[in-house]
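Structure assessment
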Amino acid sequence: MGEAPAFLVDDLQNEPLNGFELKNGTCKTTTTIGDKTYVIGGADDGTLSIEVQIFDRSRGEWVHPTVHGIKPLSCKGHSAVLLKDRILILKKGSKPDDQIWFLEFDTQYVRQLQNNFGNAVVVWSKGVTGNAEKPIVISGPSGVGKGTLISMLMKEFPSMFGFSVSHTTRAPRNMEKDGVHYHFTEKSVMEKEIKDGKFLEFASVHGNLYGTSVEAVEVVADAGKRCILDIDVQGARSVRASSLEAIFIFICPPSMEDLEKRLRGRGTETEEQVLKRLRNAEAEIEQGNSSKIFDFILYNDNLEECYEKLKKLLGLDGFVTASPKSAPREIILPMNHSLSKIDDKIIINCMSSELEKESKNLIMLDVSSLKGGAPGRTRRLDFQAVSSFSDGLTGMDQFS
Ligand SMILES: Nc1nc2c(ncn2[C@@H]2O[C@H](COP(=O)(O)OP(=O)(O)O)[C@@H](O)[C@H]2O)c(=O)[nH]1
Ligand SMILES: Nc1ncnc2c1ncn2[C@@H]1O[C@H](COP(=O)(O)OP(=O)(O)O)[C@@H](O)[C@H]1O
């Protein structure tokens, strides 16, 4: 049982409204789900950092949940709306790319963490507008050409794809840069971070530890790009079992002889490492072909042909890189706003905003097609400006 200011308990008991903003100047909101009230907002130490506490009404006590995910930066205030398995948080006066957040309390990922950590768990996930697509997981034995194919894709479509930079305990190769190819790290540091739940997946591969941090995937989504993960079969299996929706592609060599030639030709490994990678390759190819993990298997015989097939399955064949569209209009939610919810539409009534000059004082946030969520960002949010309800919600401007 944790300590929390007594006045909050009184406030909670008197004001059980969802999304209610406590009027005691602490910039907190409360959201009640069953016998639990989630109190979200400024810490009691006077800072505006966003903390989460749960008041268990049936037991009359405070619960301090384990909070996962990268939490939102402090803000001057926020409003909250309860959705099915998460609370939508709209930050006031924050930048457009930092104003929509979700606190998940009953999603698949939360339940998974709850099983691992055994107490109350909540997870933050930022909301991103637009149509960012599912991440792509690429696996295959060492030397098959994964890195080469990924580089080709990122070079041809720089604004479309972003690479998930893994952590590894292996030593950097000559041309590899820390933070670009990998986050090169100490084993003890990485093990501690794994224990703290910072990794989406991890595996021991060819004698070293490799892992994808939640942050690695989130920074790509934040940049509005589609995330590419280059991970081994064990990692792919873990991601498949996680709640991160992705497309899984396995790259196969034409033969073991070709694989050996490529691996030796690359000249980055010692003889001992080459032999270890070749030994592991047989089992990886076997699993890649037989397991149900992968949606697609591509043979990388002729590089150009394989690349064309990869583009085709990603829907990029014949894709002409379009001239950049005019930047989407951005809106900043005003400090002074109120919320209501009609089915899957959140109506934000702006008391004072730029939009008022255009006599558009309502913003509608459509949450009907939300995708993704923790670990990773929550995608497919759609903002629209509405003049008033008398419009019948027609004639709306798209903001995403
Ligand atoms: N599970 C997992 N595997 C990874 C990760 N990053 C890289 N790998 C895999 O680790 C293996 C070795 O990678 P690396 O040492 O860069 O050698 P390469 O495969 O020869 O390029 C490859 O199968 C990668 O796909 C990760 O974050 N998680
Ligand atoms: N289709 C291909 N034919 C011949 N060589 C290839 C082909 N694809 C990749 N390579 C070469 O094989 C080596 C290993 O490729 P790389 O992309 O580093 O593999 P991985 O990332 O899977 O370990 C590199 O020297 C690369 O230039």
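This text goes with the structure placed above it.
Residues numbered from 1 in each chain as written. Chains lettered and ligands numbered in written order. Predicted model: local features only at pLDDT ≥ 70, side-chain atom pairs only at ≥ 80, totals over all residues.

Side note on the site of ligand 2
Lining the immediate surroundings of ligand 2 are 14 residues, of which Gly 145, Lys 146, Gly 147, Thr 148 and Arg 262 lie closest. Among the secondary structure elements, those contributing two or more residues to the shell around ligand 2 are α3 (146-156), α7 (256-266) and α9 (303-313). (Near = placed C-beta within 6 Å. Helix = DSSP H or I, 4+ residues; strand = E, 2+ residues; numbered from the N terminus.)

Let's talk about the pairing of strand β9 (residues 100-104)
Of all five residues making up β9, five are buried, and the element is well covered by its neighbours. Residues Ile 100, Phe 102 and Glu 104 point to one face of β9 and Trp 101 and Leu 103 to the other, with burial holding for every one of them. By the bridge criterion, five bridges tie strand β8 (residues 86-91) to β9 in an arrangement that is antiparallel. Note on β9: the bridge partner recorded for Arg 86 is Glu 104. (Buried ≥ 20, exposed ≤ 12 C-beta atoms within 10 Å, placed from the backbone. Pairing = 2+ DSSP bridges.)

Some remarks on the site of ligand 1
Residues in contact with ligand 1 amount to 17 residues; listed here are only the nearest, Ser 142, Ser 166, Tyr 210, Ile 231 and Gly 235. Those elements that place two or more of their residues in the shell around ligand 1 are β15 (199-205), β16 (208-213) and α6 (233-241). Classifying every residue of the shell around ligand 1 gives four nonpolar, nine polar and four charged. (Nonpolar A, V, L, I, M, F, W, Y, C, P; charged D, E, K, R; others polar.)

Concerning the sheet that holds β15
Taken in spatial order, the four strands of this open sheet run β14-β13-β16-β15, and their pairing is mixed. Each of the sheet's edge strands pairs with one partner strand only, and the pair in question is β14 (182-184) and β15. The mean angle between the axes of side-by-side strands here comes to 25°, regardless of whether they run parallel or antiparallel. Pairing between strand β13 (residues 166-168) and β14: three bridges, direction parallel. Across the sheet, residue His 167 finds its bridge partner in β14, namely His 183. Strand contacts of helix α5 (residues 214-222): β13, β15 and β16, with the helix running at about 40° to β16, the strand carrying the most contacts. (Axes fitted to C-alpha atoms, helices over the stretch in contact; angles between N-to-C directions. Contact = placed C-beta atoms within 7 Å.)

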